[in-house]
Amino acid sequence: QVQLVESGGGLVQTGGSLRLSCATSGIIFNVNTMAWYRQAPGKQRELVADITSGGSANYADFVKGRFTISRDNAKNTLYLEMNSLKPEDTAVYYCNLWSLRVDRWGQGTQVTVSS
């Protein structure tokens, strides 16, 4: 079965940085476009960034220039480097297949940015 384990979140001040990791199993990682999503309380889940199996990345406008998505296909692991964090980045961050073909989510990792 699909397993997605996010880690690396925490509490940081505005302007701080965090590096999130997502360990995966149960998917053919090296052929899937992977993505980071986030959900703030009372809001819909939104796409943050995605990366193809070959390493081509795409970013939502609200994180462009601040976040970097990457992957290690040998480790079946997805990463999100977050810099210049803002309070509006506060959310639970999830990794998943970009296609969301399977409605299976990990526990997410909480990112809280204080002012």
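Since the structure is predicted, the reported quantities are computational estimates derived from the model, not experimental observations. Here, residues in each chain are numbered from 1, in the same order as that chain's written sequence. Where local features are concerned, this predicted model is filtered to residues with pLDDT of at least 70; where side-chain atom pairs are given and counted, the filter is 80 or more; whole-chain, interface and lining totals use all residues. Note that water and hydrogens are dropped before the side-chain values are worked out from all heavy atoms of the structure.

## Digging into the nonpolar core
Working step 1: We define the nonpolar core as a collection of buried residues of types Ala, Val, Leu, Ile, Met, Phe, Trp, Tyr and Cys that are connected through side-chain atoms lying within 4.5 Å of one another. When a residue's accessible area, from a 1.4 Å probe over protein chains only, is under 20% of the maximum for its type it is buried; when over 50% it is exposed; and in between it is partly exposed. W36, L80, M82 and Y93 are the most contacted members of the largest nonpolar core, which has 29 residues in total.
Working step 2: When contributions to this core are tallied by element, the ones reaching two or more residues are β3 (18-25), β4 (34-39), β5 (46-51), β7 (67-72), β8 (77-82), β9 (91-97) and β10 (109-114).
Working step 3: A per-element tally of this core places β9 first, with 4 residues.
Working step 4: Counting residues in hydrophobic clusters, the runner-up holds 5 residues, among them A35, Y37, Y94 and W105. In this text, helices come from DSSP runs of H or I with a minimum length of four residues, and strands from runs of E with a minimum of two, each type numbered from the N-terminal end.

## A look at the pattern of salt bridges
Working step 1: The salt bridge criterion pairs a side-chain nitrogen of Lys or Arg with a carboxyl oxygen of Asp or Glu, the two atoms within 4 Å. Scanning the model with the defined rule gives 3 salt bridges in all.
Working step 2: Of the charged contacts, one joins E46 and R38 as a salt bridge, the two residues approaching to 2.8 Å between their closest N and O atoms.
Working step 3: Classification of E46 by relative accessible area gives partly exposed; the value is 31%.
Working step 4: Each of R38, E46, R66 and D89 takes part in salt bridges that share partners, so that together they form one network.

## Notes on the state of the cysteines
Working step 1: A pair of cysteine sulfur atoms is labelled a disulfide when the two atoms are within 2.5 Å. Taken as a whole and judged by the stated rule, the model has 1 disulfide.
Working step 2: Note on cysteine connectivity: C22 is disulfide-linked to C95, with sulfurs 1.7 Å apart. On the sign convention where negative is left-handed, the bridge of C22 and C95, at about 55° about the S-S bond, is right-handed. Note that C22 is positioned in strand β3 and C95 in strand β9, a separation of 73 residues in sequence.

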